[in-house]
Each structure stands twice: as structure tokens, then as C-alpha cells.
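# Descriptive analysis of the structure
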Amino acid sequence: MSFYPFVMEAMMSQWEKVVEYNLSESGVYPISIRELVKDPQEIDELLEIGLDYSQTNGTPQLRERISALYPGSTPDHVLVTAGAAQANFIAVWTLLEPGDELAIMLPNYMQIWGLAKSLGMVIRPFHLREEQGWALDLAELAEAVTKRTKVIAVCNPNNPTGYILTEAEMEAIVAAADRVGAWILADEVYAGAERLTDQETPSFWGRYDKVLIQQSLSKAYGLPGLRLGWIVTQPGMRDELWRRQEYTIIGPPILSDRLAEIALRPEVRPTILQRTRGYIRRGFPVLQEWLDSHGDAFSLVPPQASAICFVRYHLPINSTTLVERLIHEQSVLIVPGDHFGLDHHLRISFGLPPDYLRAGLERIGRLIRQIAG
Ligand SMILES: Cc1ncc(COP(=O)(O)O)c(C=O)c1O
């Protein structure tokens, strides 16, 4: 079996803490502990926590908070994980065996794609089409899902495009899964990070029996350092996933579990999501203005959610070469379209403090002007 490295994360691992301007991250500027925990008594309680193992599937208090977000679920439907990354890993491990078919929406955060390829699964892609504003290619979905399909993997809102599926597209995915009895693996980490509305992106939860919802505090909540995510699914499947969790991380860190419970309180959660949307809504016009200042070098279908955009550029240079030059010549990191199988695109983040964002974009602009001649 061949191993396919996760090329995007590998490049980020190497450079994100080295460059002067990191515009590769897909979440917003992170929250500090001080910003999250305001009550002095609560801070005292945190300092008293023994640094023990925690409840390995997540504490009942945290699972209660999570299940409150998914109507009809209970804490027994929830597994707390070390981020959506670990959730995706154990989901693939649990649901698929070598030779099984996986239908996957592309472009995509390529973790599930690369993992499934490395583990010998058969991958059948279906695409969001840029020329149609990143709408889902329904005909291709119908073809990609066969009698042998075990799992349909989607990322909604989508990384890297920020596209949000319409109701009709969600229904088509559910119908395709139902037709063959496949599981839907729905990575919803950007739900709550909407740019144009305060309406949270609808979940696949409750639309079909065989779904696994992945969510995390890393993106819409601005808390990636907690390394805390979750899966919501039927209790039987939840237990199968939990058995794999014990082989990977045993359980989530005790401090992260406690801080997550604070972040998800009904009086705290909306303020965090508004903070995230604030970064996204302040950052996007800065990015748009910068794109416009380069004439017709760029074209963009604006993202509906997330703090990233997937820009097409019209210059005679490969995207990985361009990004490598940016790292070495301008000390800026962004993500090349090659990492999503779409050259001549760049993924650029904008959920950052405006001065930092402007300075990073200005550096990218220097190289773009040079290449454009
Ligand atoms: C779509 C998607 N899923 C999962 C992850 C992993 O996130 P984490 O493990 O920080 O929750 C990311 C990170 O960029 C992502 O973009």
C-alpha cells in the first residue's frame, strides 16, 4: 500500500511558524484564554483542575452542550475528539476497508481523500463547478455513487471555496446515499462562520439515519489550539468510533474539554460566532480591494462562509512554484491550488487583523506584479 502525504498540512507544518505573514490558515485570528474565561472565579477553578486523563469520550457536561446543538441527539450520540482531524481519521478507519468505494466532493480539505487513498480505498470524486459559482455537479454525483459506495464525504461549508450547499443539493446527496445505503460523512467545521448571514449553515444532522457529523472548535470558534472536535452519530456507531479513539489519543485533553464546555454555553457561543463573523466581514473587503487593484490578474467566486477564498489567477506560473517563491522571497505563506488538484488557484485567508492582512497581501502583490511584468 502506498502512503500519500497530506501535502497541504506538510507545507504548513514546515512554514506556518517560520514566515513573517501566515495567510494559509483557514480559521480566524485565535481567541486568548483571557478573552474566553472572564470570570475570576472560573479562572481559579481552572487552576485547580488536576491534570489527569479526562473522560475518554468527552465529559458528560461537554457532550450535553454539544448534543443541545443537534435536535434529537443525546450525549450518547456524541464523541469528543482531538479536533476534526482525528474525527476524520477514525471515521475513515471505522467506515471503510481497503477496496471499498468512497464518493467524495472535490475540491475538499484533502485529509479524507489522502487517507482513503493511502489505505487502499477506491475514490470516486464529484465536483463543485467554479464556472457555475461552485454549484454541485448533480449528474456527476449520481454517477459517482454506485451500489458499492460505502461512504459519501462532503465538506459544507466547503474548504477551500467557502461554498454553502443549497437545500436541493443537500437533498440530492441524501437521496444518493439512501439509494445505496451509504453513510454520509459531513465535515461541517465552517458552520457558524458565515460571511453573508447570521443564519447558521444547515447541518446534515436529522436528514438521514446514517450520518456522521464532524465539527470542531478550530474554525467557526477561533480555538484551534484546544485541539477539540466532535462527531455526532447514532449511539452504536458512536461506540465503534470510540473503540478506535482508544487506539489513537485515548481521550481529549482535560483542559480543552473544560474550556470547550465554556465556549459552548448558550450565553457564550453566540458571542464567539459573532466575533468570527466580524473578522470574516472586516477581512473580506480588504482582500477584495487588493484583488481588484491587480486588474484582471485574479477572478474570484466570493466565499459564502469561512475565512478563506479560493482565487483563480491568470498568470503563467504553476501554483506551487508561485507559493514557494512567496515563502522564500516575501516570507508569506498561502496555499497553492495544486494541493486541491486545481492549479492556477490560490487559497488565501482573510480572517485576520486588517493591518496584518494588508501587509501580507502587499507582499504577495509585489511578486504578482513582477510575474505579470
Ligand atoms: C474542512 C476541515 N476539516 C477538518 C480540519 C481539521 O481541523 P481541526 O483538527 O483543527 O479541528 C480542517 C482544518 O483546516 C478543515 O479545514
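### Thoughts on helix 5 (residues 83-95)
Under the 1.5 Å per step criterion, the end-to-end length of helix 5 is 19 Å for 13 residues, consistent within 8% with the ideal 18 Å. For helix 5, every residue scored as buried is listed here: Gly83, Ala84, Gln86, Ala87, Asn88, Ile90, Ala91, Val92, Thr94 and Leu95.

### Topic: the site of the ligand
With respect to spatial proximity, 15 residues lie near the ligand, and among them Ala84, Asp187, Tyr190, Ser216 and Ser218 are the closest. A distance of 2.6 Å is found between an oxygen atom of the ligand and a side-chain nitrogen or oxygen belonging to tyrosine 190. Between the ligand and the protein, one listed contact pairs an oxygen atom with a side-chain N or O atom of serine 218 at 2.6 Å. Protein contacts shield 95% of the accessible area of the ligand, which totals 400 Å² for the unbound molecule. With four residues, helix 5 is the largest single contributor of residues to the shell around the ligand. Taken together, the residues of the shell around the ligand break down into six nonpolar, six polar and three charged.

### A look at the domain arrangement of the protein chain
Interface size, as often reported, equals the accessible area lost upon joining of the parts. Domain boundaries in the protein chain define domain 1 (7-32 + 270-368) and domain 2 (51-266). When each unit is reduced to the centre of its C-alpha atoms, the spacing between domain 1 and domain 2 is 24 Å. Taken together, the 32 residues of domain 1 in the interface contact 34 residues of domain 2. Between domain 1 and domain 2, a total of about 2,800 Å² is buried, with carbon and sulfur atoms accounting for 55% of that surface. If you sort the residues of domain 1 by the area they bury against domain 2, Arg277, Val301 and Gln304 come out on top, with a joint share of 22%. Linking domain 1 with domain 2 are five salt bridges. Among the ionic pairs, arginine 281 bridges to aspartate 198, the shortest N-O distance being 2.9 Å. Taken together, the connections running from domain 1 to domain 2 amount to 22 residue pairs in polar contact (both at pLDDT 80 or more). Counting residues per element, the ones that place at least two in the side of domain 1 that touches domain 2 are helix 1 (7-15), helix 11 (269-292), strand 11 (308-313) and strand 14 (345-349). If one sorts the elements of the side of domain 1 that touches domain 2 by residue count, helix 11 sits on top with nine residues. For the side of domain 1 that touches domain 2, a count of residues per class yields 18 nonpolar, eight polar and six charged.

Conventions used here
- Note that residues are indexed from 1 along each chain, following the sequence as it is written.
- Reporting in this predicted model follows two pLDDT cut-offs: at least 70 for local features of residues, and 80 or more for side-chain atom pairs to be given and counted; totals over whole chains, interfaces and linings ignore these cut-offs and use all residues.
- Hydrogens are left out, water is left out, and the side-chain values use all remaining heavy atoms of the structure.
- Helix numbers and strand numbers start at the N terminus; a helix is a DSSP run of H or I with at least 4 residues, a strand a run of E with at least 2.
- Take the number of residues in a helix, subtract one, and multiply by 1.5 Å to get its expected span.
- Classification of residues uses two cut-offs on accessible area relative to the type maximum, computed with a 1.4 Å probe and protein chains only: under 20% is buried, over 50% is exposed, and between them is partly exposed.
- Proximity is defined per residue: any heavy atom of the residue falling within 4 Å of a molecule or strand makes that residue near it.
- Two N or O atoms count as a polar contact when they lie within 3.5 Å, although within protein this holds only if one can serve as hydrogen donor and the other as acceptor, and sequence-adjacent residues are included solely when both atoms are side-chain atoms.
- Here the open area of atoms and residues is found with the Shrake-Rupley method and a 1.4 Å probe, where only the protein chains shown may cover a residue.
- Each residue is assigned to one of three groups, with Ala, Val, Leu, Ile, Met, Phe, Trp, Tyr, Cys and Pro labelled nonpolar, Asp, Glu, Lys and Arg labelled charged, and all others, Gly among them, labelled polar.
- Reported domain spans reflect what an automatic or database domain assignment gives.
- Contacts are assigned to residue pairs that have any heavy atoms within 4.5 Å of one another.
- A quick way to say it: buried area is the sum, across both parts, of accessible area lost when two parts are put together, with a 1.4 Å probe.
- We define a salt bridge as a side-chain nitrogen of Lys or Arg found within 4 Å of a carboxyl oxygen belonging to Asp or Glu.

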